[in-house]
Amino acid sequence: DEYLFQKPKGLRDFTHKRKSYVFWKKSDTLNVFIPSYNVYRSDKKDGFYQQLNVKPVISLYSGDNQRDSTEVSYCDSTIEKGKVYYYKIKAVDVFE
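Quick look at the structure, then. (Residues numbered from 1 in each chain as written. Predicted model: local features only at pLDDT ≥ 70, side-chain atom pairs only at ≥ 80, totals over all residues. Heavy atoms only, no water.)

This paragraph deals with the sheet that holds strand β2 (residues 19-25). On the basis of which strands lie adjacent, the open sheet formed by three strands has the order β1-β2-β6 and antiparallel pairing. The outermost strands of the open sheet, each flanked by one partner alone, are β1 (9-16) and β6 (71-76). Within the sheet, the average angular offset between the axes of one strand and its neighbour, ignoring direction, is 20°. Looking at chain direction, β2 and β6 are connected through six bridges and run antiparallel. Along β6, the bridge assignment pairs Trp24 with Val72. (Pairing = 2+ DSSP bridges. Helix = DSSP H or I, 4+ residues; strand = E, 2+ residues; numbered from the N terminus. Axes fitted to C-alpha atoms, helices over the stretch in contact; angles between N-to-C directions.)

And the structure:
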């Protein structure tokens, strides 16, 4: 079964108290109901990217203020102080 995703855009992050918070814009999907994502990290821009999440990150709403939100987030709590990290996001089908 083939499905198409628009590449997630607007990837940004910030670090606070040894955690990196990664944010991106939701993808538009053509034939899936719930857009979900895998988060990958590398210590080199062109290096090997290791998947961080065990289950897909699902973009669900969590309150009235986010009902129309187009942003999704992930908290990376495995960072080391003083290291630089690079992140990539891949849209996936949560039902596969």
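Text resumes after the structure shown.
Here the focus is the side chain of Asn53. On the secondary structure map, Asn53 appears in the loop between β4 (50-51) and β5 (57-58). Separated by 2.8 Å, the side chain of Asn53 and the backbone nitrogen of Val39 make a polar contact. Here Lys55 takes part through its backbone oxygen, which lies 2.9 Å from a polar atom of the side chain of Asn53. Other than its neighbours up to four places away in sequence, Asn53 contacts Tyr37, Asn38, Val39 and Tyr74. (Polar contact = N/O pair within 3.5 Å; in protein donor to acceptor, adjacent residues only side chain to side chain. Contact = heavy atoms within 4.5 Å.)

Turning to the environment of Tyr85, a few remarks are in order. With respect to the helices, strands and loops of the structure, Tyr85 is situated in the loop between β6 and β7 (86-93). Look at Tyr85 and you get buried, because its relative accessible area is 16%. Spatially, the C-alpha atoms of Tyr85 and Ser20 are 9.2 Å apart, while their sequence positions differ by 65 residues. Among all residues touching Tyr85, those that are not within four sequence positions of it are Arg41, Ser42, Thr78, Ile79 and Glu80. Among the polar contacts listed, one links the side chain of Tyr85 to the backbone nitrogen of Glu80, at a separation of 3.0 Å. (Buried < 20%, exposed > 50% of the residue type's maximum accessible area, 1.4 Å probe, protein only.)

To continue, consider the pattern of salt bridges. Per the counting criterion, the structure on display carries two salt bridges. A salt bridge links Arg12 to Glu71; the nearest nitrogen and oxygen atoms lie 2.9 Å apart. Linking Arg12 in strand β1 with Glu71 in strand β6, this pair joins segments that are 59 residues apart in sequence. On the basis of relative accessible area, Glu71 is assigned to the partly exposed category, the value being 31%. When the shortest N-O distance is used, the salt bridge between Asp76 and Arg41 registers 2.8 Å. Here the residue Asp76 occupies a position in strand β6, and Arg41 occupies one in strand β3 (residues 35-42), the gap between them amounting to 35 residues. There is no split in this pair, since Asp76 and Arg41 are both buried. (Salt bridge = Lys/Arg side-chain N within 4 Å of Asp/Glu carboxyl O.)

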